[in-house]
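Listed here are the chains, written in short residue letters.
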Amino acid sequence: MELIHTVAWMRQVAAEARRGDCPLGLVPTMGALHEGHFSLVREAKRQCSPVVVSIFVNPKQFGPSEDFQKYPRTLDADRAALENLGVDYTFAPAPEQIYPSGFRTAVSVEGLSDKLEGRSRPGHFRGVTTVVLKLFEIVQPRFAFFGRKDAQQVRIIRQMTGDLALDTEIAVCPIVREPDGLALSSRNAYLSAGDRRAATVLYRSLDALRREISAGDRDVVHLVATVRKIIEAEPGVALDYAEIVDADTLEPVMALRKTCCALLAARVGNTRLIDNALIEPAGESFIVTL
Ligand code: PAF
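Residues numbered from 1 in each chain as written. Predicted model: local features only at pLDDT ≥ 70, side-chain atom pairs only at ≥ 80, totals over all residues. Heavy atoms only, no water.

**Student:** I'm lost on the overall build of the protein chain in this one. Help?
**Tutor:** Scanning the protein chain from N- to C-terminus turns up nine helices and ten strands. By its C-alpha atoms, the protein chain is 55 × 40 × 40 Å across when sized along the principal axes. Put simply, 70% of the contacts in the protein chain that link residues at least 6 apart link residues at least 24 apart. For the protein chain, the accessible area works out to roughly 13,500 Å², and carbon and sulfur atoms hold 51% of it. Looking at the protein chain, you have 35 positive and 37 negative side-chain charges, and the mean spots of the two groups are 2 Å apart. (Helix = DSSP H or I, 4+ residues; strand = E, 2+ residues; numbered from the N terminus. Contact = heavy atoms within 4.5 Å. Areas by Shrake-Rupley, 256 points an atom, 1.4 Å probe, with all protein chains shown as cover. Lys, Arg positive; Asp, Glu negative; His and termini not counted. Charge placed at Lys NZ, Arg CZ, Asp CG, Glu CD.)

**Student:** Is there a simple way to explain the site of the ligand in this structure?
**Tutor:** For the ligand, the full set of nearby residues is Pro 28, Thr 29, Met 30, Asn 58, Gln 61, Val 128, Val 131, Val 132, Phe 146, Asp 150 and Gln 153. A distance of 2.6 Å separates an oxygen atom of the ligand from a polar atom in the side chain of Gln 61. At 2.7 Å from an oxygen atom of the ligand is found a side-chain nitrogen or oxygen belonging to Gln 153. In the complex, the protein chains occlude 88% of the 290 Å² of accessible area that the ligand would expose alone. Those elements giving two or more residues to the shell around the ligand turn out to be strand E2 (25-29) and helix H6 (124-139). Considering every element that reaches the shell around the ligand, the biggest residue donor is H6, with three residues. (Near = heavy atom within 4 Å. Polar contact = N/O pair within 3.5 Å; in protein donor to acceptor, adjacent residues only side chain to side chain.)

The following block contains the structure:
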């Protein structure tokens, strides 16, 4: 595996790779890699060759009071893991490579970026789309792989690639969970033992939602109330939002009809976690995927 630090070198390697017969795949990450990322890499390897994994803790997607400085940085361990997985290139640029002095451009997807996560984290998705477009432009991958855990991020990036007619297809991979249901996240590393136990409440609330939908409940107000009640009953956990939204518009729905997402965010101790469930119509019923 080759470790690449500069935009110029990455661009050159990617241009050569794109001349091959197989599609080039990109897995964008901020490092502190875990099984969730590895599942993206395995899927990328199944569909693409070569595979590039980018590792860049993007300052533009952190708010002033967020965890940019303390975000876990584990490049040596990440590198070893990616080598084991057979990744071809790791692109780990310094901040000045991505944002040279005088950088002034931002990419913003209107109407989807200011709700849910965007309401609590103003500017977050602008930072995400800015860096993702720049990575796409440098690597020009045929496919880019993202996890469904960041459902709103995926929806926004898909909108961006469509609007800008980018020649990159977005592949979405399932959420990877711990045996007790907690969705894997680099931020789980911040959880104390007590927080870690409490954090399962996100999954438990979505699992309760799944059971209610399977039992025939279609009343969105009631379904959301169930989720809220379970989370609000957990000591040390502060709910930020729990909403059932249209998967396309991200607007709250009144009734279950089309494909929807139950999206939630909560602070567990000092750590902000998100999770979601996909709710898809299947004949008269719905399939809920956690
Ligand atoms: O999902 C992430 O890890 C980040 O938001 C991404 C897509 C790598 C952009 O920095």
